[in-house]
Structures are given as C-alpha cells and as structure tokens.
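Each chain, letter by letter, is given below.
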Amino acid sequence: MRPLLDRTLQILLKLSLLRAVAASDCPVSSPLGMESGVIEDSQISAFSFRTSNEPYNARLNGNNEWRADDSDQNQWLQVDLHKTIVLTGIQTQGQHNGRDRYVTSFEVSYSDDEMDWTVFTGNSDQNQV
C-alpha cells in the first residue's frame, strides 16, 4: 500500500508530484500540478531561499530553481496539497543552465497538522509495494 499524504509534503529542489488516478492501487498516475502551475506559488514554502530563487521556482523544466540560502543538510521545501491524496511518485531535476547543481538524496515527510511529521522511509524488502 502506498503512503497517504495528508495536506503537506516536504521535498527538495525542482519537482513534480504524481498521484494515482483513483484512490486505489491504480498503476496509472497523473501530475498534481507542480510543473503546470495548478499547485499555486502560495502552496510552496521553504526553510530558506536565495533572492531570485524562491520556493515557487521548484518546478520541472522552469527557467529558474529553488536554492536554499544555506548549504546545510537541514533545508526543506514544503508543498501544501490542501487534501489527502495517494502519492505515487516524485520527480526531481537539477539546474538547467549547465551548472552542476542537483540533489543527490532527499527525505519525504508528511503531516496532517504541520506539527507531527512522519518520515516515509521506503520499502523494507523486495516484496513491499
């Protein structure tokens, strides 16, 4: 069973969120709107950002990107999804202008109250879905 993400998801850099077409374990998924803008700029926040690299720039194939103001491991990007969904994938992308800037690993956390967070740790064996 895939994790239910309620309201808010923390992720890094440029991304696209995918959800199942139905709330069942349907193998077909569709974008939630990070790339297209259906997810509005106001739904995206971050721990920190550099001027001209605001959190809403964390969209695939855009002309800009979100860049944290600090280079430590405690940075986060948060997307408020406004409702509970079944998330089936996360796509990330580095900077488009030929520079060597990209995220090599990230952690997914979810919460229904923005106070208590659960870390999604992935599968524990080859049979778990």
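All chains use their own residue numbering, which begins from 1 and follows the written sequence. Totals for whole chains, interfaces and linings use every residue, but because this is a predicted model, local features are given only for residues with pLDDT of at least 70 and side-chain atom pairs only at 80 or more, for both listing and counting. Excluded from the side-chain calculations are hydrogens and water; all other atoms, namely the structure's heavy atoms, are used.

### Describing the overall build of the protein
In plain terms, the rule: Where helices and strands are cited, they refer to DSSP runs of H or I of at least four residues and of E of at least two residues respectively, numbered from the N terminus. Only protein chains enter the accessibility calculation, which uses a 1.4 Å probe; a residue whose area is less than 20% of its type maximum is buried, one above 50% is exposed, and one in between is partly exposed. Pairs of residues are marked as contacts when any of their non-hydrogen atoms sit within 4.5 Å. In this description, accessible areas are obtained by the Shrake-Rupley approach with a 1.4 Å probe, and a residue is regarded as covered only by the protein chains that are shown.
Each helix and strand counted, the protein has zero helices and seven strands in total. Going through the 129 residues of the protein one by one, you find that 38% of them count as buried. Long-range contacts, defined here as pairs at least 24 residues apart, represent 64% of the contacts in the protein between residues at least 6 apart. Counting every atom, the protein has about 7900 Å² of accessible surface; 45% of that belongs to carbon and sulfur.

### Details of the pairing of strand 6 (residues 108-111)
The two faces of the sheet receive side chains in turn, since in a regular strand these alternate between them. In plain terms, the rule: Should DSSP find at least two bridges between two strands, the strands are taken to pair.
As paired elements, strand 6 and strand 7 (residues 118-120) share three bridges and run antiparallel to each other. From the neighbouring strand, serine 109 faces strand 7, where its bridge partner is valine 119. Here strand 6 folds back onto strand 7, and the loop between the two strands holds six residues, one of which, glutamate 114, carries a positive phi near 60°.

### Observations regarding the environment of glycine 89
One can find glycine 89 in strand 5 (residues 77-93). By relative accessible area, which is 18% here, glycine 89 ends up buried. Once the C-alpha coordinates of glycine 89 and proline 31 are considered, the two residues, 58 residues apart in sequence, prove to be 9.1 Å apart.

### What about the pattern of salt bridges?
Where we set the bar: Salt bridges are defined as contacts in which a side-chain nitrogen from Lys or Arg sits within 4 Å of a carboxyl oxygen from Asp or Glu.
Under the counting rule described, the total for this entry stands at one salt bridge. Two residues, arginine 59 and aspartate 41, come together in a salt bridge whose shortest N-O distance is 2.9 Å. Of this pair, arginine 59 sits in the loop between strand 4 (44-46) and strand 5 while aspartate 41 sits in the loop between strand 3 (29-31) and strand 4, and the two are 18 residues apart along the sequence. Exposure remark for arginine 59: the relative accessible area of 10% places this residue in the buried category.

### So, the environment of tyrosine 56
With respect to the helices and strands, the residue tyrosine 56 is situated in the loop between strand 4 and strand 5. What makes tyrosine 56 partly exposed here is its relative accessible area of 35%. A sequence separation of 23 residues divides tyrosine 56 from valine 79, and the C-alpha atoms of the two residues are 9.5 Å apart. Tyrosine 56 has contacts with Asp41 and Ile44, leaving out every residue within four places of it along the chain.

By themselves, these figures tell us nothing about what the structure is for.
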